[in-house]
Amino acid sequence: MSPWFFMGLVILGGALAWIVTAYLPRKRLASSLSRPLPPAWLGLLEQQALYRKLPTELQFELQAKLKAFLHEKVFIGCDGLVVTDEMRVTIAAQACLLLLNRPTNGYPELRWIYLFPGEFRSRIPTRDESGIVHLPDATLAGESWENGRVVLAWDSVRRGVAREDDGYNVVLHEFAHQLDQESGAADGAPLLYRREDYDAWSKVFGAAYAQLCAAIDAGENTVIDPYGATSPAEFFAVVTELFYERPAALRAEHPALYDAMVHYFRIDPAGAASYAIP
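These lines cover the structure that appears in this document, whether it is placed above or below. Keep in mind it's a predicted model, so treat the numbers as computed, not measured.

1. Overview of the overall build of the chain
- Within the chain, the secondary structure is distributed over eleven helices and eight strands.
- Burial status across the chain gives 45% buried among its 278 residues.
- For the chain, long-range pairs separated by at least 24 residues make up 62% of all intrachain contacts whose partners lie at least 6 apart in sequence.
- About 14,600 Å² of surface is accessible on the chain, with carbon and sulfur atoms providing 57% of the total.

2. Concerning the sheet that holds strand E8 (residues 149-153)
- Reading across from one edge, E1-E2-E8-E7 is the order of the four strands in this open sheet, with mixed pairing throughout. Only two strands of the sheet have a single neighbouring strand rather than two, namely strand E1 (74-77) and strand E7 (142-145). Averaged over all neighbouring strand pairs, the angle between strand axes comes to 15°, with direction disregarded.
- With five bridges joining them, strand E2 (residues 112-116) and E8 adopt parallel strand pairing. The residue of E8 that forms the bridge with Trp112 is Arg149.

3. Some thoughts on the packing of helix H2 (residues 39-46) against helix H5 (residues 85-97)
- At a minimum axis separation of 10 Å, H2 and H5 run at an interaxial angle of 55°. Overall, the two elements H2 and H5 adopt an arrangement that is oblique. When you trace H2 past H5, the crossing you get is right-handed. Facing Trp41, Leu44 and Leu45 of H2, the residues of H5 in contact are Asp85, Glu86, Arg88, Val89 and Ala93.
- Within the contact of H2 with H5, the residues separate by chemical class into five nonpolar, no polar and three charged.

4. Concerning the pattern of salt bridges
- Tallied over the entire structure, the rule returns seven salt bridges.
- Lys65 is the salt-bridge partner of Glu61, the closest N and O atoms lying 3.0 Å from each other. Placement of both Glu61 and Lys65 in helix H4 (residues 56-72) is noted, with a separation of four residues, approximately one turn of the helix.
- Residue Glu196 is joined to Arg194 by a salt bridge in which the shortest nitrogen-to-oxygen separation is 3.7 Å.
- For Arg194, a relative accessible area of 44% corresponds to the partly exposed category.

5. Side note on helix H11 (residues 255-265)
- When H11 is considered as a whole, its buried residues turn out to be Leu257, Tyr258, Ala260, Met261, Val262, Tyr264 and Phe265.
- Against the buried residues of H11 lie helix H7 (170-181), helix H8 (197-217), helix H9 (232-245) and helix H10 (247-253).
- Phi for Arg266, located one or two positions after H11, is positive at around 60°.

Basis of the calculations
Residues numbered from 1 in each chain as written. Predicted model: local features only at pLDDT ≥ 70, side-chain atom pairs only at ≥ 80, totals over all residues. Heavy atoms only, no water. Helix = DSSP H or I, 4+ residues; strand = E, 2+ residues; numbered from the N terminus. Buried < 20%, exposed > 50% of the residue type's maximum accessible area, 1.4 Å probe, protein only. Contact = heavy atoms within 4.5 Å. Areas by Shrake-Rupley, 256 points an atom, 1.4 Å probe, with all protein chains shown as cover. Pairing = 2+ DSSP bridges. Axes fitted to C-alpha atoms, helices over the stretch in contact; angles between N-to-C directions. Parallel < 35°, antiparallel > 145°, perpendicular 65-115°, else oblique. Left-handed = near helix turned anticlockwise from the far one by under 90°. Nonpolar A, V, L, I, M, F, W, Y, C, P; charged D, E, K, R; others polar. Salt bridge = Lys/Arg side-chain N within 4 Å of Asp/Glu carboxyl O.

As structure tokens, this is what we get:
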């Protein structure tokens, strides 16, 4: 047969592969985004205080990001849990809150969200001081993995949404880890907008982290949860919870840290004029 025939087959195969892997997923996503939000989903959103505090334009943006999130991410129930729309919408809304008003690809590495009815044991093995690898004994409310997975306890998710001003929200915490992991291993330094931003971030967060550790060693009460002193990665996740749920308290105690979070998230939840900034 003519070489042109085989070349035509190669071109046809490439075209079909592009249709299957690129065109069709984009078309399905565009179709999903073009449909209005189901009334039941909107009702679930309006039950969340953090959503109600958003200005109208950011509420619309969150709705669009939520539809994309639910189109792309897979929810898997564990230990017999049947995943419902309430679970999916509740978690997606909290996760997408961290994406508002700023350039983002929407957790591009995240694929699966595993839901347990309650606290669960970690599946990530650790190595102790003797070099022995084992699974942790403690139970967890959430966990963020670097291989495209987040694990959550549904009862902890519900408590976090119901108590929107206590500074504890497992979804915000674990998805802050996902943002942190976009730059590689979680280290408390997510992807920033400019190269020169990293120096300022390091100085502000380093000083606040050291201050928290010193306060805990001295037995002092702290606005930032002591768990944040575990590591810089946990510090960023804990501060993210506080930033959205108790912004005024964070700003009062750590103004430079609060300003750094505003610069990163492009939102000022403690601002008197507007929740969003340019």
